[in-house]
Amino acid sequence: MWLTPEEVSQKNALKLWVTEKSNDYFILQRRRGHGDSGGKITGMLVGALDTVLDSNARVAPFRILLQVPASPVSWVIASGATVEEVQKHWKWLDQNLLPYMAVFENKQDAASFAQGKVKGLIAEEVLAGQAALEDDPARFREVLARFEQRFGLPQQEKLVAHYSCCCWKGRVPRQGWLYLSTNHLAFYSFLLGKEVKLQVPWVEVTGMEQTTLGLMTDVIRVRTRQKQREFSMFLNVDEVMTVMTQLADLALRRLLDSGGLEVDQSLQQATNITKRVLEQQALRQYVLSLLGLPRSEKLQEVLSCSVWTPHARCHTPGKLYTTDNYMGFSSRQEGVCTLLIPLAEVQSIEKAESTSALPNPVIISVKSKKAFQLIDLAQRDELVDNLTDRLRCLHWRQAVFRGNSQRKKSLISPTPYYTFYYDTDTLSPEEGDGVSDEALRNTVLTESLITTFQTGQSQSPNHKTTSEQLKVRLWEDHFEEFGRGVHMFRTDKIRKLVAMGIPESLRGEMWLTFSDACSSLSAHPDYYSDLVSRSMCETSVATEEIERDLHRSLPEHSAFQNQTGISALRRVLTAYAHRNPNIGYCQSMNILASVLLLYTREEEAFWLLVTVCERMLPDYFNHRVIGAQVDQSVFEELIRERLPSLSESVPDLSPLASVSLTWFLTLFLSVLPFRSALHVLDCFFYHGIKAVFQLGLAVLDANAAELSTSTDDGQALMTLTSFLEQVRDDDEPCVCAEEAGPAGHTHITTLINDAHEKFGDLTVRQLEKMRSRHRIHVLQNHEDTTKENTLRLVSPDVSLSQEDLSSLYDLFKTEHFISLYWGDGVCREVRAGGRGYTESYHVDRAQFKSLYLLLTPWPCGPHTDTMAQRTFALLDQNHHNRISFTQFSRWLDTLYCEEFNEKVRLLYRLHIPPALTENEDQSSAGKNPILSTNRPLYVDLPNVERKTHEEQLKQMLKDLAKEREKGQEKPLPQMKQREFVQFCKTLCCMFHGDSAENELFQAIAMVTSLVLQIGEARNKGRRPSGAEPEEGKSPDRAASDPAEVEGDWTVSFEQILASLLTEQALVNFLERPVDLNHKICSAKEKQYQTRSGLLMIQSKTR
């Protein structure tokens, strides 16, 4: 490998390097101790030093120096792992550089010329390799060479980062280097002659955490299903932990059935993943969660600045984040001040004159006649230019969209399919019952349901009106000071207003504002009505589930005791299922949509549902509710951190965390009284999911004493249920003292404020980091469940032990992953789209061939590839070019556990169509059996007189006929002579190398002769009477010529089986027990390196 010229001192280098050859300008050296038979101690010490210092000499013990004659300084320009590699570089230098260097009069100029040539060679290699995307390509190229040399992985394995660290084995640390690639975690150490290599695929990692180990702090613990390993002594442990978590999370999303979790497009290709890309992705994910932006937004700029905040009469410092369609600001302390400005609301972006008091100011004007001032922008000109370009493109797209919409409207029929229901105030529930179902189905509501259907209130109308008016006045005052709309300043004052409860007259508007669903609504006019018109005529699994749940959605509310509300809910849920078929419909969506319809128009409720499902809770509503389970796991960790006394009293927190799953899925709507739950929903739209975490912790904290003394899970559940039922709002119906319990009821605003005071320091950044770690655990739990279900379905059909079956599943899955790592993986869409357990993983023809070579009990030498191809063709009955684990396990069960008859049946089927094709090469490897039909066959039977083969065959055929009548099994097709020849060749290959090889060859010769006689007898019986063989050919010769009798010569499976049974040596061979567990253990050791080595060879030959 060519190296960037690095200056070294010859005087010091001579202690560790030995010169092999030299000329005027170049020196070829070998690392001291390498290749020396007597320098074992020296080699150990030098090798340990190279590993600790991460020197190239450990993996490249040969190097070439460039020298200037009579100078003590030289430059390292090349290195090699083998003599052949470094000799290749030496030859190139001798032929291509040395002749030209002799022309230079100044020796220093000649050395500079050589350095320039070497740098040019390196630049060409960098552009074509992985290092091109790195910050320091030359340095990374050297690290990559060491990684490939030490672990022997294909070039497709993308190295992302490497760190110096210690790996602990018990209490013994080993200093070495940790390599993090797209698919593996790898560690290498060489100390005092002992080499340690550790290679863990990310798909086997079940968890990671930062912990302490004795006196060592900041230890990273990596857990797999078999063991756990600790790594320490990092210079920046937080960076390492973040990169490891991201890589593991990304690998599991890509490779496992993640239940609908999407991978960012920039990370779809493993070759695009670098450390810098991961850092940008982590920042982007944080910004999207912090500001509640759509998942499709790309982060463009991140700049430090200060924003003028009129309410504080000062500039607030923080960070400016810009994306494709938004500008967002967050103060240095998260939550103090937040600002979100959609570019669609921006009218102009201007640079103002810079002064000492207002350095680099930018003025952003919006359509609501307000302006925002930003200062201290280091890259103001570039930022303004970029924002102006994006704003210009956005305005152009809006103009084109409006033009298309106008043309579309002009083409619409004057009698639209849907009418719009304007006069909801004049329609009473009783009148609504009289409207036909068809009319209600075709009516899109343009008013919120709460305007028509009011619930009974506990307070008097005057008291309720006064309380509502007071809230409205407070909000109006806030709008005057902080602005109104998406771009209002979000501070602690508005948080307090939200905790008190949003007034009913403003609730729908504020939900749309806080969630920014109003931007999607304004950007997509007529989208909902078009979607409804397309979706209402279709039926699917999702629509059937929706119909079942329609009458379970807020059944106590009068709006959903009426067809008006039911029809609106049906349209919203059906339209969303049609919009996003990946999610379709998930339980709990009906409850959320019902509440949204009460306070917003139908179209607004639809866009709010879109915002919740795709932006605020993006991974919640899929068939595995992965997102909710991840947050449930995060919540359990938060309980241990934030409520230590409770976690000490209740060591097993999983039941409490399980209760929280309903809280996250329904946002407390199903466990709190309705009015109190509305306060929670207000907080959710303002704070995001962080509000649910804080409220959940507050609920457990308020009941910590009772939970600590509970005797079982049922009592703890009753305690929480009773407490939540007693949480009230001012407008909530009163309960009697007996129902309220001795502690009375808790006010929802008090509970929300307590949650903020005690747990308000919980940040979005903390939650995102915890989610990444816990997502690994949740996905692996699902993987374990998938494996258990697969084995449960397969077990009744096979005789393999559970241990062997489990090991085979792991082996099968690993083979599937290896091709996904570096080759052309198969069936990703089957695994992602199907919910069947047995369809989780498949292997294609090449993958099956690899497993066949590792696990077959009867290797056939050069004929093994042919047998693997035939076996795959036999198992792939649907011709999909893939087989499942079920098919794979049944095949192995036949080989290892079935009786002699079934093993022969399998061999028979491998030599008839479809396994054996007509155009298959007939000159397959293997010894040709002796084809002769004129030798009489005698079988020695104990205590029985000798019988002729005719007598014995008659008896065996009778026995087989009786067995077939009992089993009523479908007979197999007859085998032709060409197929029988292949069958015999296979048997001969199976016997090759066996201790009883000669005896087995004799036995197969006898069986071959017997079967040929049977076939000839059948053939003669079919010939017309008086027919004779051709002149010059004997009957025996004619019978043994496949070309002559291919059309007529056939034998049945029963005849071949009966013939094989006459030879005890063959029976003993096929029934000889083979230790499958030993085969599996051996396969696990060989599988990885064999497959990776094969892929490396294939990549080099392309």
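Whatever comes next refers back to the structure up there.
This is a predicted model, so every value here is computed, not measured.

## Considering the environment of Asp24
Position of Asp24 among the secondary structure elements: in the loop between strand S2 (17–22) and strand S3 (26–31). Judged by relative accessible area, which is 57%, Asp24 ranks as exposed. For the pair Asp24 and Met101, spaced 77 residues apart in sequence, the C-alpha to C-alpha distance is 9.9 Å. Beyond its immediate stretch of four places on either side in the chain, Asp24 contacts Gln67 and Pro69.

## Description of the sheet that holds S3
Strand order in the open sheet formed by five strands is S1-S5-S4-S3-S2, with antiparallel pairing between adjacent strands. Looking at strand neighbours, the two that pair on one side only are strand S1 (2–9) and S2, the edges of this open sheet. Strand-to-strand twist of the sheet, defined as the mean angle between neighbouring strand axes without regard to direction, takes the value 35°. Where strand S4 (residues 62–67) meets strand S5 (residues 73–80), six bridges bridge the pair, whose relative direction is antiparallel. The residue of S5 that forms the bridge with Phe62 is Gly80. Across the sheet, helix H3 (residues 83–96) lies against S1, S2, S3, S4 and S5, angled at about 25° from S4, the strand it touches most.

## Remarks on the sheet that holds strand S8 (residues 184–191)
The strand order across the open sheet formed by seven strands is S9-S8-S7-S6-S12-S11-S10, and the pairing between neighbours is antiparallel. Both outer strands of the open sheet, strand S9 (194–201) and strand S10 (205–213), are each paired with one neighbouring strand and no more. If you compare each strand with its neighbour and ignore which way they point, the axes differ by 30° on average. As judged from the eight bridges shared by S8 and S9, these two strands associate in the antiparallel manner. Of the residues in S9, the one forming a bridge with Ala186 is Gln199.

## Here we look at the packing of helix H18 (residues 563–579) against helix H20 (residues 602–616)
Between two packed helices, both the angle of their axes relative to each other and the distance between the axes serve to describe the pair. Remark: H18 packs on H20, axes separated minimally by 10 Å, with the N-to-C direction vectors making an angle of 45°. Taken as axis vectors, H18 and H20 run oblique relative to one another. Between H18 and H20 lies a crossing whose hand is right-handed. Contacts between H18 and H20 involve Ala568, Arg571, Val572, Leu573, Ala575, Tyr576 and Arg579 from the former and Glu602, Phe606, Trp607, Leu609, Val610, Cys613 and Glu614 from the latter.

## Things to note about helix H34 (residues 864–875)
For H34, which comprises 12 residues, the first-to-last C-alpha distance of 16 Å matches the rise-based estimate of 16 Å (1.5 Å per residue) to within 8%. Turning to H34, its buried residues are Thr864, Met867, Ala868, Arg870, Thr871, Phe872, Leu874 and Leu875. The secondary structure elements touched by the buried residues of H34 are strand S24 (842–843), helix H33 (845–855), strand S25 (883–884), helix H35 (885–897), helix H36 (900–909) and helix H38 (977–991).

## Re the pairing of S4
In terms of burial, S4 is largely enclosed, as six of its six residues are buried. The alternating pattern of S4 places Phe62, Ile64 and Leu66 and Arg63, Leu65 and Gln67 on opposite faces, both of which are buried. Bridging between S3 and S4 involves five bridges; their strand directions are antiparallel. Directly across from Arg30, in S4, lies its bridge partner Phe62. Taking the residues between adjacent antiparallel strands as the criterion, S4 and S5 are bridged by five residues, where Ala70 takes a positive phi near 70°.

Procedures and definitions
- Residues numbered from 1 in each chain as written.
- Predicted model: local features only at pLDDT ≥ 70, side-chain atom pairs only at ≥ 80, totals over all residues.
- Heavy atoms only, no water.
- Helix = DSSP H or I, 4+ residues; strand = E, 2+ residues; numbered from the N terminus.
- Buried < 20%, exposed > 50% of the residue type's maximum accessible area, 1.4 Å probe, protein only.
- Contact = heavy atoms within 4.5 Å.
- Pairing = 2+ DSSP bridges.
- Axes fitted to C-alpha atoms, helices over the stretch in contact; angles between N-to-C directions.
- Parallel < 35°, antiparallel > 145°, perpendicular 65-115°, else oblique.
- Left-handed = near helix turned anticlockwise from the far one by under 90°.
- Expected span 1.5 Å × (residues − 1).

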